[in-house]
Amino acid sequence: MTGFGAFVAQAAAAGALVVQPRMGMAGADRMREGLLATRGAAAVTVGTITLDSYTRTGDLRAARDALAVGAGLNGYPIATHPVEVTRAVLRGVADAGFPVQVRHGSAAPERIFEALLAAGLDATEGGPVSYCLPYGRTPLHEAVDCWQRSCELLASIREFGAEPHLETFGGCMMGQLCPPSLLIAISVLEALFFRQHGLRSISLSYAQQANARQDEEALAALGRIAGELLADVDRHLVVYAYMGVYPRSPGGARLLLEDAARLAVRGGAARLIVKTTAEAHRIPTVAENVRALETAAAAAAAERARPRPAAPPDTGIEAEARALIGAVLDLDADLGRALVRAFAAGYLDVPYCLHPDNAGRTRSSLGPDGRLRWSAVGSMPIAGLVEGGRPPILGSAGLLAALSHVQRRYDGRDVRSAAPAARGLPAVR
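Residues numbered from 1 in each chain as written. Predicted model: local features only at pLDDT ≥ 70, side-chain atom pairs only at ≥ 80, totals over all residues. Heavy atoms only, no water.

### Some words on helix H5 (residues 83-90)
Because each turn of an α-helix spans 3.6 residues, side chains separated by three or four positions end up pointing in the same direction. Buried residues of H5: Thr86, Val89 and Leu90, and no others. Along the axis of H5, the buried residues cluster in a sector spanning 95°; they form a single face. Where H5 is buried, its residues touch helix H2 (28-39), strand S2 (47-50) and strand S3 (100-103). Where H5 ends, the next residue or the one after it, Gly92, has phi of about 75°, a positive value. (Buried < 20%, exposed > 50% of the residue type's maximum accessible area, 1.4 Å probe, protein only. Helix = DSSP H or I, 4+ residues; strand = E, 2+ residues; numbered from the N terminus. Arc of directions from axis to C-beta. Contact = heavy atoms within 4.5 Å.)

### Things to note about the pairing of strand S5 (residues 165-168)
Residues His165 and Glu167 of S5 are buried on one face, and the alternating residues Leu166 and Thr168, pointing to the opposite face, are buried as well. With helix H7 (residues 140-155) bridging strand S4 (residues 123-126) and the parallel S5, this β-α-β connection has right-handed handedness. Across 3 bridges, S5 lies against strand S6 (residues 201-207) in parallel orientation. When the bridges of S6 are listed, Leu166 appears paired with Ile202. (Right-handed = clockwise from strand over helix to strand, strands pointing away. Pairing = 2+ DSSP bridges.)

### Topic: the pattern of salt bridges
Here the idea is simple: oppositely charged side chains can pair when their charged atoms come close. Under the criterion given, the structure shown has 22 salt bridges. Put simply, Arg271 and Glu167 hold a salt bridge, and the shortest N to O gap is 2.9 Å. Placement of the pair is Arg271 in strand S8 (residues 271-273) and Glu167 in strand S5, with a sequence separation of 104 residues. Here Arg271 falls in the buried class, since its relative accessible area comes to 0%. For Glu167, a relative accessible area of 0% puts it in the buried group. As a salt-bridge pair, Glu258 and Arg262 come within 3.9 Å of each other at their nearest N and O atoms. With Glu258 and Arg262 both in helix H10 (residues 250-266) and 4 residues apart, this pair spans about one turn of that helix. A single salt-bridge network, built from bridges that share partners, covers Arg213, Glu216, Arg266, Glu303 and Arg306. (Salt bridge = Lys/Arg side-chain N within 4 Å of Asp/Glu carboxyl O.)

### Overview of the confidence of the model for the protein chain
Across the protein chain, pLDDT averages 93, with 96% of residues at or above 70. A low-confidence stretch, residues 420-429 stays under pLDDT 50, and its non-local contacts, those more than four residues away or across chains, total 9 contacts. (pLDDT = per-residue confidence, 0-100.)

This is how it looks when you write it as structure tokens:
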């Protein structure tokens, strides 16, 4: 087997964590330079072409107008550049030793899928829930229909000998403050949706949260559930470096990224989506992305050399996730209809998500140790499984404090670790 999934599997078999940037530039020359730099990093890497906001939302006229006048775009307009231009970007760069994935954020990605396939690419990501609810007001049933057609289009190239790859973004809902069981459930359900519509190479995502042991438990549960329900597909887990408010200090940002790499290794993930030391301030440069890739790869290699830690205690994450998945699967044999019905019934309900198709009756809370817990579960079928003594629902001040928890903690760690060095003493990590 060849393709994106096969490359990641080969790297994992060799004991390497694949690291990947979130890189996207509007200009073809700069996009090619970014891919070349990623390929040349001192790490096992895959490339990324991240798309601009106009393309994500389907406003291709605005993308064309922006290119025509040289206005700045926050990504690569793959459906606007002529296909020959994108092929030239990839020529001599993308191959079996350096696969490239298109990242987008679209609830209706058919034009994007058409454009990436025309350019010779066959790996992308997203999902009917994860690229609908957080990012706009597209009705969920419309997103499901669009994603069904898109999956079937992507899967159709298997008849020509390719093995297309699709990654679910479901483990990253809202970036933060979504308890792990719901992240696992949506990631698995989207993966099942992909399989139902023809994909056989799939990755399941999970976003680093605020407590490493809770994240390790969640990744172990995700791996076990995927192993059971997706046993007939090529699959791997992918961790996203923390997606919430990022540390402002370069040292704090680096420490957080290193912890994400350690988490990926301990949690059995094969790939890590990195963040840079510039995340809190601006779009990172190519050089900053390369440094992040190399930092993460070094941290992962060091973690692999350490003794394997004891498994985290079972706090019920897996039982909750299985209950959520089972309830949705019982609604309808068609995964698309089941997802729409699940949100309508409140069986799936994302805290703090304002989309009209989300019931909005669930809430979460962040403990002093960074553990995420349910404060309210609405109609989700986990009321009897959630640990007793639920924390109170957060007010506005508590919510703001929770959102900045990771940023404050890692910036504080950076200050503490730098202080001894400033006095001529070795820093303690």
